[in-house]
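Commentary on secondary and tertiary structure
Spelled out from the first residue to the last, the chains are:
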Amino acid sequence: MHSSEEWQQPYRELTWQALALGIVSGILLNVALIYSALKLGFAISASAIAALIGFVLLRGRSWRGTVIENNLNQTIAAAIVTAGSGVVFTLPTLFLLQSNKTIGSFSPWPLLAAGVGGALLGVVLIIPLRRKMIEIDRLRFPTGTAVATILRSGAAGSEKVTLLAYGCAIGAAWKLLLLSGWLNWPGVIENDELSLSFGLLPSYLSAALYLSPLTFASGLLAGRGGLPFFFGGVAAWWIIAPWMVHASWLNPQLANAELVEFIYNKSLRPLGIGVLIGAAIMAMLLTLPIIVAALRSVAQAVGESRAQGAKSNEISPWLLLSGLLGAMLLLFFASWSTAVDVPLWRILLATLVGTLWLGIAGLIVAQATGMTDISPMSGMTLVSVALTMALLGGEVVAALAMGIAISVAVGQSADMMQDLKTGFLVGNRPLQQQALEFSLSWIGVVVAFAVIYALWQGGGSAGGGFGPNSSLPAPQASALAEVIEAVQKQQIPLDKFILGGVAGMVLEGTPVGGLGIMVGLAMYLPFSITLTYGLGCLAQMRIEKIRGYAYAEGVLVPVAAGLIIGEALIGVAEAFWHMGGG
Amino acid sequence: MNKQIFAPLGTLLALLLALLAAAKPLAESAQWPDTWQLCLLAVLVAGGLNLLWRAQPQPLWAESISGAEESAAGATVSAEALRECIDALQQLHNAAAAMGLPAILHELEEIHSQWLLPLIHTRSSLSAGMNRLQRGRFLAELAAGELWLNRARSTAGDCYRVETQQAIIQALAQFISVQQLLAASR
């Protein structure tokens with residue numbers, strides 16, 4: 001390019017085109033992904049899709065949008081979609097409980113207030129941890145790294161674009177093959193899992209690979225950093241599970257899938273949640289001095305910038321504090337309006353404990369996402385609902401209002417960090433992204449409420465638009481409804497949470513930072529995911545050893561980014577296909 | 001047994017035992033598994049061994065696993081990479097006015113892959129002798145330099161010369177600040 005083709009006007013960052021496109025694509029993707037989550041039971045990250053849309057529409061010949069402008073568009077869209085994902089796993093539970101007469105009628109407004117409060121809290125509580133996660137620990141955030149590769153693909157040279165395209169094509173083709181069912185082979189490939197037992201290994205070893213390019217690519221991006229996650233899964237499924245069987249701790253009548261389900265649901269998963277909680281508390285305690293040091297350097301830099309008349313790069317602490325107080329007021333209003341005959345002090349206590357728990361849960365989810373791209377959001381929501389029910393004397397609607405807030409907030413925390421990682425990699429100032437997430441994520445909550453209400457009413461005058469035995473089974477909401485019924489019967493595995501929490505604190509306190517979170521996450525997830533991820537880590541380490549670090553960064557990163565984008569693209573296409581009646 | 005291995009291995013084995021004891025399903029109408037004492041004892045042993053582990057000099061792999069970055073090449077490589085990064089950015093800044101943006105972008109990509117990535121890769125060895133406060137400041141300043149260099153790469157790719165030159169100046173200032181922090185800590 002010659003100098004005559006250079007642009008003389010100010011650099012394009014936050015433009016009305018980026019703002020409008022981010023909001024519109026965020027709303028459309030939110031609607032599609034809510035429908036998809038009610039049908040399939042899982043959410044899909046929208047960052048990569050929004051970045052691709054921005055790449056086509058903003059960076060097209062006519063507008064000449066910039067990398068940073070597209071980063072802001074993608075940040076807005078992802079914030080809206082993520083806020084909606086938090087609602088779709090919790091709000092439908094209330095409709096299901098109402099339809100089976102567990103609860104009476106309820107007003108949507110306090111729940112909406114809780115959702116909006118959660119969206120605000122998720123952003124304000126995680127912002128102070130940006131320096132620790134992105135600048136000091138340098139967590140990978142695989143999707144964030146993949147999105148940065150898309151954003152920079154125009155400037156990064158044709159070789160990287162080609163690698164990105166190859167990865168994308170392979171990821172999309174593989175996902176399509178899985179969806180088509182052509183790969184299904186009873187006993188060998190079922191439910192997107194390849195069995196490695198070959199009829200020889202016992203079922204409780206759970207030897208299977210999850211055939212997801214996204215999961216494998218996340219391991220490729222993490223490399224050696226992901227090994228504790230892999231070893232945590234190995235310890236859980238190849239040491240603890242066999243021990244439980246051979247020590248005769250389990251009902252001998254349990255066998256095959258039932259045995260695996262029992263080990264997972266009654267022991268490893270609740271223990272994993274406990275380890276995650278303990279590890280998060282210890283991580284906060286251990287890293288406090290280094291966060292303080294980093295914040296001091298920020299304060300000094302802000303002071304110097306102001307003295308020189310320059311702009312600050314971080315959102316104002318006063319705005320964060322105001323957001324925190326405002327969000328807590330919304331949570332208080334939600335609990336107060338929905339809890340019947342509960343003393344005021346208990347509502348205040350629930351608001352304070354809920355906010356504190358939300359900070360811990362946000363840290364857990366953001367750190368887990370940063371290390372592995374996998375979010376333990378449903379486990380955090382489960383603990384939130386149980387905690388609030390205990391504090392509010394078994395009030396289901398009030399507990400679910402808090403559950404909505406916390407589910408939205410933890411999702412928002414993880415998304416915020418993903419987007420800030422992307423922003424860091426493309427050189428965006430964090431302030432713009434933080435301000436946009438802070439001011440616009442509530443849109444996702446409102447849209448999600450409207451869509452879920454409309455879908456429920458679509459089932460007829462008595463509702464019933466989703467739930468078991470309908471075309472939208474809402475599996476996550478059904479599972480949460482079962483959990484609430486278990487809490488009402490006092491069947492929460494408190495022993496596993498507490499003992500796991502104590503062990504998690506020591507694990508996180510070892511010199512291998514992040515070990516507790518990784519091991520907790522490995523116990524929380526099905527082993528097939530951990531194995532596939534671990535395979536990606538080992539492949540990266542092998543390739544780096546043979547071809548060198550520069551090759552691993554220059555070739556593996558764009559290929560892995562492509563694999564992640566390819567699977568996400570097909571996931572969104574599937575959501576739209578289902579919306580069209582497919 | 002090698003003293004360096006005893007504490008980490010002992011900690012991890014004790015924690016595995018604790019998790020194993022905690023995993024036992026509850027008997028009918030019990031609130032705790034009958035192995036809870038074993039679990040807490042194992043956690044206590046693990047805690048004690050962990051203190052020993054933390055007190056001994058840490059091999060670089062421990063930190064590299066947590067941070068997903070490797071630091072095997074030592075402080076010499078990092079210090080040299082930082083010096084080269086500053087020199088290369090200084091030269092680019094001096095020559096930028098006479099260069100086309102594609103050439104500037106090419107230079108920035110070279111600086112990023114040749115000097116900045118190895119510097120980040122081995123940054124733990126540079127901050128090994130620092131206290132927590134110095135380390136926090138050092139890593140924050142280094143990250144700020146990287147952010148400005150990333151911005152310069154983006155703006156150069158977008159064909160905005162003024163913004164690119166400003167970002168190069170900012171990146172240079174940050175890396176010089178990192179070098180000064182390093183000198184002050186030694």
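A quick note: this is a predicted structure, and the numbers were derived from the prediction, not measured.

**A word on the interface of chain A and chain B**
- Between chain A and chain B, the residue contacts involve 70 residues of the former and 65 residues of the latter.
- Regarding the contact of chain A and chain B, the summed buried area is about 6100 Å², with carbon and sulfur atoms giving 65% of it.
- Area buried by chain A at its contact with chain B is led by A:Arg138, A:Trp249 and A:Leu499, which between them contribute 12% of it.
- Linking chain A to chain B there are three salt bridges.
- As a salt-bridge pair, B:Glu109 and A:Arg152 come within 3.1 Å of each other at their nearest N and O atoms.

**As for a nonpolar patch on the surface**
- Where nonpolar side chains cluster on the molecular surface, the patch consists of A:Leu494, A:Ile498, B:Trp32, B:Trp36 and B:Leu40 and spans about 450 Å² of accessible area.
- Contributions of two or more residues to the nonpolar patch are made by helix H19 (494-509) of chain A together with helix H2 (36-55) of chain B.
- Tracing the chain through its elements places A:Leu494 in helix H19.

**Description of the sheet that holds strand E2 (residues 193-195) of chain A**
Residues and elements named next belong to chain A.
- Ordered in space as E1-E2-E3, the three strands form an open sheet in which the pairing is antiparallel. Each edge of the sheet is formed by a strand with only one pairing partner; in this case those strands are strand E1 (189-190) and strand E3 (208-210).
- Where E1 and E2 come together, two bridges link them in antiparallel fashion. Within the sheet, the bridge partner assigned to Ile-189 lies in E2 and is Leu-194.
- Across the sheet, helix H21 (residues 527-547) is in contact with E2 and E3; its angle to E3 comes to roughly 75 degrees.

**As for the domain arrangement of chain B**
- When cut into domains, chain B gives domain 1 (3-55) and domain 2 (70-185).
- The centre of domain 1 of chain B, based on its C-alpha atoms, is set 44 Å off from the matching centre of domain 2 of chain B.

**Let's talk about the pattern of salt bridges**
- For the structure on display, the rule yields twelve salt bridges over all chains.
- Linking A:Glu69 and A:Arg12 is a salt bridge whose minimum nitrogen-to-oxygen distance equals 2.9 Å. Here A:Glu69, found in helix H3 (residues 67-88), pairs with A:Arg12, found in the segment before helix H1 (16-40); they are 57 residues apart in sequence, far enough to count as distant.
- Assessed through its relative accessible area of 0%, A:Glu69 is described here as buried.
- Measuring nitrogen to oxygen at the nearest pair gives 2.7 Å for the salt bridge that ties B:Glu146 to A:Arg138. Of this pair, B:Glu146 sits in helix H7 (residues 132-157) while A:Arg138 sits in the loop between helix H6 (130-136) and helix H7 (142-151), which puts the two residues in different chains. Summarising the burial analysis for this pair, B:Glu146 and A:Arg138 share the class buried.
- Through salt bridges that share partners, A:Glu13, B:Arg151 and B:Glu163 make up one connected network.

About the thresholds
Residues numbered from 1 in each chain as written. Chains lettered and ligands numbered in written order. Predicted model: local features only at pLDDT ≥ 70, side-chain atom pairs only at ≥ 80, totals over all residues. Heavy atoms only, no water. Contact = heavy atoms within 4.5 Å. Buried area = accessible area lost by both parts, 1.4 Å probe. Salt bridge = Lys/Arg side-chain N within 4 Å of Asp/Glu carboxyl O. Patch = residues over 30% accessible without salt bridge, like charges linked within 9 Å, V, L, I, M, F, W, Y side chains within 5 Å. Areas by Shrake-Rupley, 256 points an atom, 1.4 Å probe, with all protein chains shown as cover. Helix = DSSP H or I, 4+ residues; strand = E, 2+ residues; numbered from the N terminus. Pairing = 2+ DSSP bridges. Axes fitted to C-alpha atoms, helices over the stretch in contact; angles between N-to-C directions. Domains from an automatic or database assignment. Buried < 20%, exposed > 50% of the residue type's maximum accessible area, 1.4 Å probe, protein only.

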